[in-house]
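Structure at a glance
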Amino acid sequence: MLLIKNGRLIDPKHQIDQVCDLYIYNGKVVSIDQTPAIDVSPTKTIDATGLVVTPGLIDMNTHLREPGQTQKATIASESAAAVASGITTMVCPPTTSPVVDSPAVAELILDRAQATGLANILPVGALTQGLKSEQLAPMHALARSGCVAFSNGREQISNSLVLLRCLEYAATHDFLVIFHPQDKDLAGKGCMHDDITCTRLGLTGIPETAETVEVSRCLLLVEQTGVRAHFGQLSSEHSTRMVIEARKRGLNVTADVAIHHLLLTDENVNGFNSLFHVIPPLRSQLDRAGLLHALVTDGIQAICSDHQPHDPAAKQAPFAATEPGISGLETLLPLGLMLVEQQLLSLAQLIEKLTSSPAQILDINRGALAVGDIADICIFDPELTWELSPENCVSAGKNTPFIGVPLKGKVTHTLVNGELVYQAL
């Protein structure tokens, strides 16, 4: 029996927001605010006075780099970074090497995660073999091996007939398909948002239409097949509006946004700092405002880190020649709390976008803390100010523009399946 006492429990799924005691036994919540009927005394007590207690955070897009690119990161290193950040479940895309297009690769990832014994890792299977957009991957076998959804990553399936067949098969088995929409021809060799800043810097731009054209095509095929679909890391106001309108028409579609797209714009690229090189690119102030509005009005259902750890060499080149991506696990919660501080979101809304909403999209039994729920728990101090540095960054990837930036909100404890897997020193 574990007792978490005097914490402010926020569980958006069950509309709980109160200071109370939480009793955990055998990996599950057994009682809230009253002594449980089980005749067992607490063997450990966590005093959460002044702290916030929430379901463990669920990150919808986390690149773990294993197998294939262990010079950048490993499942062990990124799982440690996740639990130090209150993230108890990570969804990893199929863009490993080899690609997650066979049960053996999916099972390898799950075995490594289990051996690490920290965060839950949910692999996404490939839509096509080798992500080559030619033949369907063995989706049914991948689902049996533990894949929670299917995606082609950012490798666009430009042949609409192949994409249609993929979606038809997924719809037949009620599999979730995740799109990372970008038209490869329109994006070309671009490296940032195609606008005034891009022109001034002399860089090649990626127009907004690279995203909106692909979103439009995917939505038409989703409508034809009736597949469950999720649009990951949308970056433009226009594409978000298209997904919202599709939901109003009855399509079973959802969307998420990366936390850095809610705080940064293309103007941050001004100094050619490669840490701001991301795909999809940081867009305009209007796009950022549109994403925030969609988030508040539930047009966007989840926030993710879009965590992409890199080795130092990947960012040490001219801007356009560097590899895109931000190491985002450890800043996901404090950057979200920055939006709360700016009164753009309520704390309950933020927690919902990081817990119950992702769980609902993925159709997994996580993201809530009512009696009987699995005890994946994040406890954090909302007032503690700290700074991320290369020395205290747990992730193997130190490639974040938020190093040295004052952050507010620090995780103190993380529990996975009722087990304490992280405690701040």
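Residues numbered from 1 in each chain as written. Predicted model: local features only at pLDDT ≥ 70, side-chain atom pairs only at ≥ 80, totals over all residues. Heavy atoms only, no water.

1. Considering the pattern of salt bridges
Evaluation of the coordinates by the stated rule reveals 13 salt bridges. With its nearest N and O atoms 3.2 Å apart, the salt bridge here joins Glu 323 to Lys 72. One end of the pair, Glu 323, is in the loop between strand S15 (302-304) and helix H10 (332-341); the other, Lys 72, is in the loop between strand S6 (57-59) and helix H1 (75-83), and 251 residues separate them in sequence. When its relative accessible area of 33% is taken as the criterion, Glu 323 is described as partly exposed. Where salt bridges share partners, they join Lys 72, Asp 311 and Glu 323 into one cluster. (Salt bridge = Lys/Arg side-chain N within 4 Å of Asp/Glu carboxyl O. Helix = DSSP H or I, 4+ residues; strand = E, 2+ residues; numbered from the N terminus. Buried < 20%, exposed > 50% of the residue type's maximum accessible area, 1.4 Å probe, protein only.)

2. Quick word on the environment of Cys 166
Looking at the element boundaries, Cys 166 is found in helix H4 (residues 160-172). When its relative accessible area of 0% is taken as the criterion, Cys 166 is described as buried. For the pair Cys 166 and Lys 132, spaced 34 residues apart in sequence, the C-alpha separation works out to 13 Å. Those residues in contact with Cys 166, other than ones at most four positions away along the chain, are Leu 127, Thr 128, Leu 136, Met 139 and Ile 157. (Contact = heavy atoms within 4.5 Å.)

3. Some remarks on the packing of aromatic side chains
Under the definition given, this model contains 2 aromatic pairs. Summarising the aromatic geometry, the rings of Phe 150 and Phe 175 are spaced 5.1 Å apart at their centres and angled 45° between planes, so their arrangement reads as tilted. In this pair, Phe 150 is assigned in strand S9 (residues 149-151) and Phe 175 in the loop between H4 and strand S10 (176-179), connecting sequence segments 25 residues apart. The two residues Phe 150 and Phe 175 agree in class, both being buried. With a centroid separation of 5.1 Å and an interplanar angle of 35°, the aromatic rings of Phe 179 and Phe 231 are classed as tilted. (Phe/Tyr/Trp six-rings, centres within 6.5 Å; stacked < 30°, edge-to-face > 60°.)

4. With respect to the packing of H10 against helix H11 (residues 347-354)
Here H10 crosses H11 at 145°, and the two axes come no closer than 9 Å. As H10 runs across H11, the sense of the crossing is right-handed. Counted together, Leu 332, Leu 333, Gly 336, Leu 337 and Val 340 of H10 and Leu 347, Leu 350 and Leu 354 of H11 form the full contact between these two elements. In terms of residue class, the contact of H10 with H11 is built from 7 nonpolar, 1 polar and no charged. (Axes fitted to C-alpha atoms, helices over the stretch in contact; angles between N-to-C directions. Left-handed = near helix turned anticlockwise from the far one by under 90°. Nonpolar A, V, L, I, M, F, W, Y, C, P; charged D, E, K, R; others polar.)

5. Observations regarding H1
Buried residues dominate H1, accounting for 7 of its 9 residues. Taken as a whole, H1 has its buried residues at Ile 75, Ser 77, Glu 78, Ser 79, Ala 81, Ala 82 and Val 83. On its buried face, H1 is in contact with strand S7 (87-92), helix H2 (103-116), strand S8 (120-126), strand S17 (406-416) and strand S18 (419-423).

6. Here's the deal with H10
With respect to burial, H10 is a largely interior element, 7 of its 10 residues being buried. Listing the buried residues of H10 in full gives Leu 332, Leu 333, Pro 334, Leu 335, Gly 336, Leu 337 and Leu 339. Remark: Gln 343 follows H10 within two positions and exhibits a positive phi of approximately 60°.

7. Structural notes on the sheet that holds S7
The strand order across the open sheet built from 8 strands is S6-S7-S8-S9-S10-S13-S14-S15, with neighbouring strands paired in parallel fashion. Two strands lie at the open edges of the sheet, namely S6 and S15, each paired on one side alone. On average, each strand axis in the sheet is tilted by 30° relative to the strand beside it, whichever way the strands run. Bridge count between strand S13 (residues 228-231) and strand S14 (residues 253-258): 3 bridges; the pairing is parallel. Paired with Phe 231 across the strands is Ala 255, a residue of S14. The sheet contacts of helix H8 (residues 237-248) involve S13 and S14, and relative to S14 the element is tilted by about 155°. (Pairing = 2+ DSSP bridges.)

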